[in-house]
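# Descriptive structure summary
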Amino acid sequence: VIVRILLRQLRANGRNTRLIVIAGAGPLGVNLAKNILATPWMGIRVAGFYDDTLHEGSIPDKGLGLPVIGPLSKLSFDARCKEYDEVYIALPMRAEMRMKEMIRDLANSPIQVQYVPDIFTFNLINSRIKDIGGIPVIGVYDSPLDSIGHITKRLEDILVSSIILLLISIPMALISLAVKLSSPGPIFFKQRRYGLYGEEIYVWKLRSMTV
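Residues numbered from 1 in each chain as written. Predicted model: local features only at pLDDT ≥ 70, side-chain atom pairs only at ≥ 80, totals over all residues. Heavy atoms only, no water.

## Observations concerning the overall build of the protein
- In terms of helices and strands, the protein carries six helices and nine strands.
- The C-alpha radius of gyration of the protein comes to 27 Å, more than 25% above the 17 Å expected for a compact globule of 211 residues.
- Taking the principal axes of the C-alpha coordinates as reference, the protein spans close to 80 × 40 × 35 Å.
- Burial status across the protein gives 25% buried among its 211 residues.
- Partitioning the intrachain contacts of the protein with sequence separation of at least 6 by distance along the chain shows that 52% fall at a separation of at least 24.
- Each charge class in the protein can be summarised by its mean position, and for the 25 positive and 19 negative side chains these summaries are 10 Å apart. (Helix = DSSP H or I, 4+ residues; strand = E, 2+ residues; numbered from the N terminus. Rg over C-alpha atoms; globule rule 2.2 N^0.38 Å. Buried < 20%, exposed > 50% of the residue type's maximum accessible area, 1.4 Å probe, protein only. Contact = heavy atoms within 4.5 Å. Lys, Arg positive; Asp, Glu negative; His and termini not counted. Charge placed at Lys NZ, Arg CZ, Asp CG, Glu CD.)

So this is what it looks like as structure tokens:
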């Protein structure tokens with residue numbers, strides 16, 4: 001917490017910041033810029049975009065106010081001459097050859113290069129990234145719990161729920177009495193739902209409505 005507070009103060013005074021540019025002024029690049037500007041505590045300043053489809057000086061998004069500095073072919077030259085700290089390559093997947101050229105051209109520059117995968121193409125916002133022998137794999141439709149995670153989650157469920165039930169046992173007893181005295185009918189309301197692998201489960205709730 002102390003480190004974060006100190007970094008906030010430093011970055012508020014213009015210190016400990018990084019100046020970046022974004023290669024690609026399409027939806028992916030614009031969304032990236034919006035996310036960066038929405039989190040100023042990270043200390044990232046965006047100089048603008050490099051793009052082949054828009055003219056130099058044009059504004060891809062009026063709300064951002066960030067200009068197109070030049071075409072992609074100019075980026076490798078500017079990376080050597082200007083004080084950019086990082087470049088984020090945010091081109092669509094169809095521009096694979098262009099990305100390869102850019103990465104090759106930027107290899108001899110002092111700038112750090114970050115690649116932003118075009119997850120919007122397949123709506124992979126809720127996907128998970130895993131590693132298989134050093135190869136990154138994106139789980140498109142994936143269970144959040146693997147074999148070890150399932151065991152850990154089950155132990156956590158039992159342990160945490162037992163502690164919580166112990167702590168709230170007296171309030172639950174008083175609420176149950178109030179439910180029983182306030183209206184005729186059972187104290188609990190039983191609702192059928194479906195859990196993992198379609199297994200039928202019942203959820204028990206303290207009744208809050210009349211029967």
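## Details of the sheet that holds strand β2 (residues 44-50)
- If you trace the five strands from one edge of the open sheet to the other, you get β3-β2-β1-β4-β5, paired in parallel fashion. Edge strands, defined here as strands with exactly one partner in the open sheet, are β3 (68-70) and β5 (112-115). Going from strand to strand, the sheet's axes swing by 35 degrees on average, the running direction of each strand aside.
- Note that strand β4 (residues 86-89) and β5 share four bridges and pair parallel. Pairing of tyrosine 88 across the sheet is with glutamine 114, part of β5.
- The strands touched by helix α2 (residues 27-37) within the sheet are β1 (18-23), β2 and β4, with β2 carrying the most contacts at an inclination of about 165 degrees. (Pairing = 2+ DSSP bridges. Axes fitted to C-alpha atoms, helices over the stretch in contact; angles between N-to-C directions.)

## A few points about the packing of aromatic side chains
- Throughout the structure, instances matching the rule amount to two aromatic pairs.
- Aromatic side chains tyrosine 50 and tyrosine 84 sit 6.4 Å apart centroid to centroid with 80 degrees between the ring planes, which places their arrangement in the edge-to-face category. Of this pair, tyrosine 50 sits in strand β2 while tyrosine 84 sits in the loop between α3 (75-81) and β4, and the two are 34 residues apart along the sequence. The same class applies to tyrosine 50 as to tyrosine 84, namely buried. (Phe/Tyr/Trp six-rings, centres within 6.5 Å; stacked < 30°, edge-to-face > 60°.)

## Structural notes on a nonpolar patch on the surface
- A contiguous nonpolar patch, built from Leu159, Val160, Ile163, Ile164, Leu165, Leu167 and Ile168 and spanning about 640 Å² of accessible area, is present on the exposed surface.
- On the secondary structure map, leucine 167 appears in helix α5 (residues 147-167). (Patch = residues over 30% accessible without salt bridge, like charges linked within 9 Å, V, L, I, M, F, W, Y side chains within 5 Å. Areas by Shrake-Rupley, 256 points an atom, 1.4 Å probe, with all protein chains shown as cover. Salt bridge = Lys/Arg side-chain N within 4 Å of Asp/Glu carboxyl O.)

## Quick notes on the side chain of aspartate 51
- Mapped onto the secondary structure, aspartate 51 falls in the loop between β2 and β3.
- There is a polar contact of 2.7 Å between the side chain of aspartate 51 and the backbone nitrogen of alanine 25.
- Within the structure, the side chain of aspartate 51 is placed 2.3 Å from the side chain of threonine 53, a separation counted as a polar contact.
- With residues up to four places along the chain from it excluded, the contact list for aspartate 51 reads Gly24, Ala25, Gly26, Val68, Gly70, Pro71 and Leu72. (Polar contact = N/O pair within 3.5 Å; in protein donor to acceptor, adjacent residues only side chain to side chain.)

## So, the pattern of salt bridges
- A complete count under the given rule lists seven salt bridges for this structure.
- Ionic pairing is found between aspartate 61 and lysine 34, a salt bridge with its closest N-O pair at 3.6 Å. Of this pair, aspartate 61 sits in the loop between β2 and β3 while lysine 34 sits in helix α2, and the two are 27 residues apart along the sequence.
- Here lysine 100 makes a salt bridge to glutamate 96, at a shortest N to O gap of 3.4 Å. In this pair, lysine 100 and glutamate 96 are both assigned in helix α4 (residues 96-105), four residues apart and thus about one turn of the helix distant.

These figures come from the coordinates and say nothing about function on their own.
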